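What follows is each chain in one-letter form.
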Amino acid sequence: MEAPVAGIDVSKDKLVVYFQGKLYEFPNNRQGFEGVKQILPRGCKVGIESTG
């Protein structure tokens, strides 16, 4: 079975996560990072794009 894949757009203020057809927004801080960890399963592959 192939691992699920998530995409994260990182900006100064927020993290926008696309996972399993849904968008989630979190603040770009420790609390937001903990929120991302809550929705992504162990072993999930993640692609990250930083807004420049």
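From a predicted model like this one, the values you see are computed outputs, not experimental measurements. (Residues numbered from 1 in each chain as written. Predicted model: local features only at pLDDT ≥ 70, side-chain atom pairs only at ≥ 80, totals over all residues. Heavy atoms only, no water.)

Engineer: Would you take a moment to explain unusual backbone geometry for this structure?
Structural biologist: Most peptide bonds adopt trans geometry, and most residues besides glycine take a negative phi value. Phi is positive for Q20, which is not a glycine, with a value near 50 degrees. With respect to the helices, strands and loops of the structure, Q20 is situated in the loop between β2 (14–19) and β3 (22–27). Overall, Q20 belongs to the exposed group, its relative accessible area being 64%. (Helix = DSSP H or I, 4+ residues; strand = E, 2+ residues; numbered from the N terminus. Buried < 20%, exposed > 50% of the residue type's maximum accessible area, 1.4 Å probe, protein only.)

Engineer: I tried to follow the environment of K45 on my own but got confused; where do I start?
Structural biologist: By the element assignment, K45 lies in strand β4 (residues 45–50). The spatial distance from the C-alpha of K45 to the C-alpha of E2 is 9.7 Å, given a sequence separation of 43 residues.

Engineer: Can you help me understand the nonpolar core in this one?
Structural biologist: Side chains of nonpolar character tend, in soluble globular proteins, to be buried together. Counting nine residues, the largest nonpolar core is built from A6, I8, L15, V17, F19, F26, V36, L40 and C44. Contributions of two or more residues to this core are made by β1 (5–10) and β2. Sorting elements by how many residues they give to this core places β2 first, with three residues. The residues contacting C44, other than those within four sequence positions of it, are P4, V5, A6 and F19. (Core = buried A, V, L, I, M, F, W, Y, C linked by side-chain atoms within 4.5 Å. Contact = heavy atoms within 4.5 Å.)

Engineer: For this particular structure, what's the right way to read the environment of I39?
Structural biologist: Inspection of the secondary structure assignment puts I39 in helix α1 (residues 30–39). For I39, a relative accessible area of 25% corresponds to the partly exposed category. Here the alpha-carbon distance between I39 and Y18, two residues 21 residues apart in the chain, equals 11 Å. Residues in contact with I39, not counting those within four places in the same chain, are V17, F19, Y24 and F26.

Engineer: Please clarify how the pattern of salt bridges should be interpreted in this entry.
Structural biologist: Opposite charge on two side chains permits pairing when their charged atoms draw close. Tallied over the full model, the rule gives two salt bridges. Between K14 and E25 there is a salt bridge, and its shortest N-O distance comes to 3.6 Å. One end of the pair, K14, is in strand β2; the other, E25, is in strand β3, with 11 residues separating them in the sequence. Look at K14 and you get partly exposed, because its relative accessible area is 35%. On the basis of relative accessible area, E25 is assigned to the exposed category, the value being 55%. A salt bridge links E34 to K37, with the nearest nitrogen and oxygen atoms 3.6 Å apart. With E34 and K37 both in helix α1 and three residues apart, this pair spans about one turn of that helix. (Salt bridge = Lys/Arg side-chain N within 4 Å of Asp/Glu carboxyl O.)

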